[in-house]
Number of protein chains: 2
Amino acid sequence: MTDTALKDLSYAKLHDEWDELELEDKLRRFQELTHADAEEFFRELGSSDESELLTALPTREQRLWIRVLDPDDAADVIQSIEEEERGHFLELLDESTRTEVSALMAYAEDEAGGLMSPRYARVRPDMTVDEALAYLRKQALETVETVYLVYVLDGQQHLLGVVSVRRLFSSPPTKKVNDVMRTNMITANEDADQEDLSKLFKEHNLLAIPVVDSEGRMKGIVTIDDIVDVVEEEATEDIQKMGGSEALGDPYLKIELSEMIKKRAGWLFVLFLGELLTANAMGYFEDQIAKAVILALFLPLIISSGGNAGSQASTLVVRAMALDEVRLRDWWKVMQREIIVGSSMGVILGIVGYIRVIVWESLFHTYGPHSQLLGVTVGLSLVGIVLWGSVSGSILPFVLKRAGFDPASASTPFVATLVDVTGVVLYFTIASVVLKGAML
Amino acid sequence: MTDTALKDLSYAKLHDEWDELELEDKLRRFQELTHADAEEFFRELGSSDESELLTALPTREQRLWIRVLDPDDAADVIQSIEEEERGHFLELLDESTRTEVSALMAYAEDEAGGLMSPRYARVRPDMTVDEALAYLRKQALETVETVYLVYVLDGQQHLLGVVSVRRLFSSPPTKKVNDVMRTNMITANEDADQEDLSKLFKEHNLLAIPVVDSEGRMKGIVTIDDIVDVVEEEATEDIQKMGGSEALGDPYLKIELSEMIKKRAGWLFVLFLGELLTANAMGYFEDQIAKAVILALFLPLIISSGGNAGSQASTLVVRAMALDEVRLRDWWKVMQREIIVGSSMGVILGIVGYIRVIVWESLFHTYGPHSQLLGVTVGLSLVGIVLWGSVSGSILPFVLKRAGFDPASASTPFVATLVDVTGVVLYFTIASVVLKGAML
């Protein structure tokens with residue numbers, strides 16, 4: 001589906017095969033690239049690959065390649081190198097970059113400060129448009145993350161406004177920057193969480209957000225390309241939690257097995273404790289089962305249908321919350337929708353369940369003289385459990401969020417477990433009413 | 001966590017409250033903004049909000065606001081307006097933009113052509129660096145999506161290479177563009193799928209990808225900011241499928257109820273048909289249940305634990321596939337990992353299950369003389385079902401992908417249903433061996 005190079009394919013090919021290669025082959029094939037290709041290739045690698053390659057290279061080449069990186073990338077790379085070796089790589093940087101990189105390394109990786117680049121285009125408010133453009137041209141010669149937006153700072157680095165290059169070009173050359181800049185803008189604090197940051201980008205369709213400290217002094221910018229990774233990472237965490245384990249934090253094939261067992265066994269064990277309640281619940285109905293063994297045959301069908309309906313509902317609501325489509329105050333709207341959807345789907349399954357019992361009886365005579373009543377029991381239970389599954393699955397994320405937990409913890413196994421326990425009670429209660437005097 | 005405006009808050013506030021407002025209030029408050037704020041505000045809206053607002057405005061204002069948009073955004077907006085009114089809005093554009101927008105509207109929204117902007121910076125290969133910079137300055141006065149990367153085209157619009165503005169600034173002014181451009185680059189065909197496109201951005205850490213037709217003629221560029229939405233959209237689709245429904249395609253609170261029922265009932269019904277097999281499977285074991293009703297009490301516990309383990313495994317593998325961390329050829333590596341993880345977790349749950357039976361018997365004397373054997377049956381079944389759940393949950397996405405289906409269809413309810421049916425058989429088979437001559 002994609003054309004790659006127009007001239008030379010070795011570069012794109014190496015990219016494709018990279019993950020499969022042994023370190024030694026990576027090193028050899030990287031060193032075989034032309035310098036220009038190698039530079040592009042190196043910049044395009046992720047920070048864990050960059051640090052793997054860097055640590056394997058001789059010191060002279062290490063210096064060359066680490067200096068190719070922008071300070072925010074260099075900080076990421078150094079942070080993914082083992083702690084005792086970090087000093088060595090910091091030493092390889094030139095002095096001003098070293099200062100920038102050290103400052104960036106003080107921030108957590110998942111906050112605005114840890115994502116930002118300290119290299120952005122800046123001008124003073126009292127410059128004329130012409131002076132600003134000349135000054136920018138000088139800055140562009142050095143490396144700035146984006147030349148499209150220009151930030152207006154006073155002498156103490158306070159952020160006063162922003163102006164686009166496009167605006168500067170189209171303004172009268174003698175006008176002051178002060179008069180053409182926009183002061184109405186979105187900023188983020190240096191300790192803002194990356195998830196909130198990505199929501200800001202999305203809501204306001206932005207390309208870059210300036211990061212300021214608590215006194216309004218500009219510290220750097222976060223650009224949209226850093227946010228792609230954040231969006232993907234947050235979705236991965238949510239998906240993994242919704243599947244009923246902790247977020248792995250590392251790629252599936254790379255995470256240590258012991259670590260993976262830890263992250264999965266914990267939740268599986270909690271869910272198991274929940275499921276143990278089904279054994280207790282069923283204990284109460286042991287006599288009924290003894291009288292009408294046939295009831296047990298439909299139990300997995302009924303509780304699982306409830307669990308499936310609940311999985312759908314919780315998944316849809318959790319995702320809608322993550323996208324800010326649904327907020328806490330919408331709980332009643334959501335509940336209304338789930339009551340309608342759940343009862344519609346419940347009626348469909350209930351009718352099919354009833355028919356299944358009747359047809360089987362007429363074909364195989366398996367269910368005895370009370371098959372009509374058995375069919376009604378199964379049908380009614382399905383209506384009830386699918387409705388209950390939909391409603392409880394959709395409300396659980398609200399309860400969790402309200403209580404300060406991550407709504408994504410309303411995982412499909414969690415909801416299924418909840419519905420299983422109540423499903424047992426619901427089914428046998430309906431049975432004891434419908435079948436009283438007949439089978440029970 | 002975020003500071004907003006430095007001067008004026010009305011703009012940010014309107015943004016926040018927007019979704020809650022009636023159309024009439026949206027209109028009034030939008031018209032109350034200063035022109036500069038209104039322009040920013042309008043550009044930041046999503047295309048469905050933009051089209052809602054546009055259609056409600058008087059024609060004179062419609063012309064003003066639709067012309068504020070870049071052609072790719074204008075195309076999106078016009079495509080979300082009802083078909084019979086689209087011609088009216090196309091007429092409001094100036095002629096050259098109308099041609100661009102009409103061309104863009106011919107592409108599907110989820111392919112490269114539908115995402116691209118036709119406005120990019122371009123130069124000829126035989127220009128000198130100085131000529132190229134002067135020419136660019138002229139282009140920047142008009143609106144181009146990005147001025148950071150400059151594409152080098154021949155007279156027939158064939159894409160020959162790319163050069164960064166940074167590179168141009170730092171090259172000798174008399175050198176030819178031909179000699180400073182890079183020819184080794186990633187391009188996408190106009191009909192490339194948006195998911196593949198977002199993978200290209202991610203793998204190669206790119207800010208923009210040029211889109212070409214089958215003869216290598218440049219059609220436009222897709223920039224990284226368009227990809228954020230794609231990544232989020234793809235994750236949403238996957239999550240919704242993994243929760244056991246079809247992808248909704250619209251926000252949870254906005255989709256028609258009938259549509260939502262259709263998208264959920266289909267899968268729920270298929271799963272229900274699968275679950276019906278549990279009733280058949282249990283039919284075979286009816287005599288056993290009649291002899292040892294106590295066996296039925298642990299059935300939900302056992303099949304659900306298998307389902308939970310399977311949900312974890314399938315979720316992790318499906319996500320890893322979406323991120324390209326796991327490919328088809330890795331199936332054996334994945335299976336090995338799941339055998340280790342599944343049996344470890346199975347042993348943990350098995351031991352706890354055994355202890356549960358023994359402790360309950362010694363406290364309440366509920367399970368009778370054969371409680372030891374019952375405990376062994378429950379314990380062994382748990383080991384088997386958790387192992388089986390993990391392995392089948394992790395392999396199912398490979399099977400689906402191999403067969404040409406979306407691996408995300410290996411939803412947690414799907415896996416749970418699969419494991420339920422086999423779990424019934426496994427449990428009663430183990431029981432008939434272990435309890436033979438005792439309870440059975």
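Note that this is a predicted model, so its numbers are computed, not measured.

### With respect to the overall build of chain A
Item 1. Scanning chain A for helices and strands turns up 21 helices and 6 strands.
Item 2. Dimensions of chain A, computed from the C-alpha atoms along their principal axes, are close to 95 × 55 × 45 Å.
Item 3. For chain A, the proportion of its 440 residues judged to be buried stands at 56%.
Item 4. Of all intrachain contacts in chain A linking residues separated by at least 6 positions in sequence, the fraction that spans at least 24 positions is 65%.
Item 5. In the form shown here, chain A has an accessible surface area of approximately 18200 Å², with 54% of it arising from carbon and sulfur atoms.
Item 6. Chain A carries 40 positive and 70 negative side-chain charges, and their two centres are separated by 6 Å.

### Remarks on the relation of the copies chain A and chain B
Item 1. When chain A is fitted to chain B, the residual RMSD is 0.1 Å, and the transformation amounts to a turn of 180° plus an axial shift of 0.0 Å. The symmetry that links the two subunits is that of a two-fold axis. Among all residues of chain A, the one whose C-alpha sits closest to the rotation axis is V228 of chain A, at a distance of 2.6 Å.
Item 2. Here 99% of the interface residues in chain A have copies in chain B that are interface residues too; the copies meet face to matching face.

### Things to note about the pairing of strand β2 (residues 149–153) of chain B
All names here are of chain B.
Item 1. In terms of residue burial, β2 counts as a mostly covered element, since 5 of its 5 residues are buried.
Item 2. Of the two faces of β2, both are covered, the one formed by L149, Y151 and L153 as well as the one formed by V150 and V152.
Item 3. As judged from the 3 bridges shared by strand β1 (residues 121–123) and β2, these two strands associate in the parallel manner. Across the sheet, R122 pairs through a bridge with Y151, a residue of β2.
Item 4. Summarising the sheet, β2 and strand β3 (residues 159–164) pair through 5 bridges and their orientation is antiparallel.

### Considerations on the sheet that holds strand β6 (residues 218–223) of chain B
Residue and element names in this part refer to chain B.
Item 1. If you trace the 3 strands from one edge of the open sheet to the other, you get β4-β5-β6, paired in mixed fashion. In this open sheet, the two edge strands, each paired with only one partner strand, are β4 (188–189) and β6.
Item 2. Sheet topology places strand β5 (residues 208–212) next to β6; 5 bridges connect them, and they run antiparallel. If you follow I209 over to β6, its bridge partner there is V222.
Item 3. Its contacts with the sheet put helix α13 (residues 194–204) on β4, β5 and β6, and the angle it makes with β5 is roughly 135°.

### Re the sheet that holds β1 of chain B
Residues and elements named next belong to chain B.
Item 1. The strand order β1-β2-β3 describes an open sheet built from 3 strands, whose pairing is mixed. The strands lining the two open edges of the sheet, one partner per strand, are β1 and β3. Neighbour to neighbour, the strand axes of the sheet diverge by 35° on average, direction disregarded.

### Comments concerning the interface of chain A and chain B
Item 1. Taken together, the contacts link 137 residues of chain A with 136 residues of chain B.
Item 2. The junction of chain A with chain B conceals about 12400 Å² of combined surface from both sides, 64% of it contributed by carbon and sulfur atoms.
Item 3. Per-residue buried area on chain A facing chain B is highest for Y252, R264 and R337 of chain A; these three make up 6% of the total on that side.
Item 4. Across the contact surface, chain A and chain B share 6 salt bridges.
Item 5. Of the charged contacts in the structure, one is a salt bridge between K202 of chain B and E232 of chain A, with a shortest N-O distance of 3.4 Å.

### Details of the side chain of T315 of chain B
Item 1. Its location among the elements puts T315 of chain B in helix α18 (residues 299–322).
Item 2. Engagement of the side chain of T315 of chain B in a polar contact is seen with the backbone oxygen of S311 of chain B, the distance being 2.6 Å.

### Notes on the nonpolar core
Item 1. Ranked by size, the top nonpolar core spans 125 residues in total, and within it Y252, F298 and F428 of chain A together with L295, F298 and F428 of chain B carry the most contacts.
Item 2. Apart from residues lying up to four places away in sequence, L295 of chain B is in contact with Q288, L374, Y427, F428, A431, L435 and L440 of chain B.
Item 3. Core analysis: the second largest hydrophobic core is formed by 98 residues, I81 and L200 of chain A together with W18 and A188 of chain B among them.

### Overview of the pattern of salt bridges
Item 1. Applying the stated rule across the entire model yields 32 salt bridges over all chains.
Item 2. Across the salt bridge formed by R217 of chain A and D213 of chain A, the nearest N and O atoms sit 3.2 Å from each other.
Item 3. For R217 of chain A, a relative accessible area of 29% puts it in the partly exposed group.
Item 4. Residue classification places D213 of chain A among the buried residues on the basis of a relative accessible area of 5%.
Item 5. Here E338 of chain B makes a salt bridge to R264 of chain A, at a shortest N to O gap of 2.9 Å. Highlighted residues: E338 of chain B in helix α19 (residues 331–364) and R264 of chain A in helix α15 (residues 257–284), drawn from two different chains. Comparing E338 of chain B with R264 of chain A shows no difference in burial state: the two are buried.
Item 6. Beyond isolated ion pairs, a larger network of salt bridges with shared partners links D25, R28 and E32 of chain A.

### A word on the side chain of S117 of chain B
Residue and element names in this part refer to chain B.
Item 1. Looking at the element boundaries, S117 is found in the loop between α9 (112–115) and β1.
Item 2. Judged by its relative accessible area of 1%, S117 falls in the buried class.
Item 3. Among the polar contacts made by the side chain of S117, one reaches the main-chain amide nitrogen of R119 at a distance of 3.0 Å.

### Description of the confidence of the model for chain A
Residues and elements named next belong to chain A.
Item 1. For chain A, mean pLDDT is 87; residues scoring 70 or higher make up 96% of the total.
Item 2. The least confident element of chain A, judged by mean pLDDT, is helix α1 (residues 10–17) at 74; the most confident is helix α20 (residues 371–402) at 95.
Item 3. Across residues 1–8 the pLDDT falls below 50, and counting only partners more than four positions away or on other chains, this stretch makes 23 contacts in the model.
Item 4. The ipTM for the predicted assembly is 0.80, set against a pTM of 0.81.

### What about a nonpolar patch on the surface?
Item 1. Taken together, the side chains of V347, I351, I355, V359, L363 and F364 of chain A make up a nonpolar region of the molecular surface, amounting to roughly 530 Å² of accessible area.
Item 2. Topologically, I351 of chain A is positioned in helix α19 (residues 331–364).

### Thoughts on unusual backbone geometry
Residue and element names in this part refer to chain A.
Item 1. For Q157, which is not a glycine, the phi torsion comes out positive at approximately 70°.
Item 2. Structurally, Q157 can be placed in the loop between β2 (149–153) and β3 (159–164).
Item 3. A relative accessible area of 30% places Q157 in the partly exposed class.
Item 4. Even without being glycine, D324 reaches a positive phi, approximately 65°.
Item 5. For D324, the position within the fold is in the loop between α18 (299–322) and α19.

### So, the pairing of β3 of chain A
Item 1. The buried fraction of β3 of chain A amounts to 5 of the 6 residues, a majority that puts the element mostly inside the structure.
Item 2. The hairpin turn running from β2 of chain A into β3 of chain A, its antiparallel successor, is 5 residues long, and Q157 of chain A in that turn takes a positive phi close to 70°.

### Concerning the environment of A74 of chain A
Residue and element names in this part refer to chain A.
Item 1. Inspection of the secondary structure puts A74 in helix α6 (residues 71–79).
Item 2. Judged by its relative accessible area of 0%, A74 falls in the buried class.
Item 3. Along the backbone, A74 and E100 are 26 residues apart, and their C-alpha atoms lie at a distance of 9.8 Å.

### Some details on the packing of aromatic side chains
Residues and elements named next belong to chain A.
Item 1. Inspection of every chain in the model, using the stated rule, returns 22 aromatic pairs over all chains.
Item 2. Ring centres of W267 and F414 lie 6.0 Å apart, and the angle between their planes is 45°; this geometry places the pair in the tilted category. Of this pair, W267 sits in helix α15 while F414 sits in helix α21 (residues 412–434); the two residues are 147 residues apart in sequence, bridging distant segments of the chain.
Item 3. The rings of W18, F30, F41, F42 and W65 are connected pair by pair, giving a single aromatic cluster.
Item 4. Positioned above the aromatic ring of Y120, the side-chain terminus of R122 is 4.0 Å from the ring centre.
Item 5. Above the ring of W360, the side-chain terminus of R356 is found at 3.7 Å from the ring centroid.

Criteria and cut-off values
Residues numbered from 1 in each chain as written. Chains lettered and ligands numbered in written order. Predicted model: local features only at pLDDT ≥ 70, side-chain atom pairs only at ≥ 80, totals over all residues. Heavy atoms only, no water. Helix = DSSP H or I, 4+ residues; strand = E, 2+ residues; numbered from the N terminus. Buried < 20%, exposed > 50% of the residue type's maximum accessible area, 1.4 Å probe, protein only. Contact = heavy atoms within 4.5 Å. Areas by Shrake-Rupley, 256 points an atom, 1.4 Å probe, with all protein chains shown as cover. Lys, Arg positive; Asp, Glu negative; His and termini not counted. Charge placed at Lys NZ, Arg CZ, Asp CG, Glu CD. Least-squares fit on C-alpha atoms with pLDDT ≥ 70 in both. Pairing = 2+ DSSP bridges. Axes fitted to C-alpha atoms, helices over the stretch in contact; angles between N-to-C directions. Buried area = accessible area lost by both parts, 1.4 Å probe. Salt bridge = Lys/Arg side-chain N within 4 Å of Asp/Glu carboxyl O. Polar contact = N/O pair within 3.5 Å; in protein donor to acceptor, adjacent residues only side chain to side chain. Core = buried A, V, L, I, M, F, W, Y, C linked by side-chain atoms within 4.5 Å. pLDDT = per-residue confidence, 0-100. Patch = residues over 30% accessible without salt bridge, like charges linked within 9 Å, V, L, I, M, F, W, Y side chains within 5 Å. Phe/Tyr/Trp six-rings, centres within 6.5 Å; stacked < 30°, edge-to-face > 60°. Lys NZ or Arg CZ within 6 Å of the ring centre and 35° of its normal.

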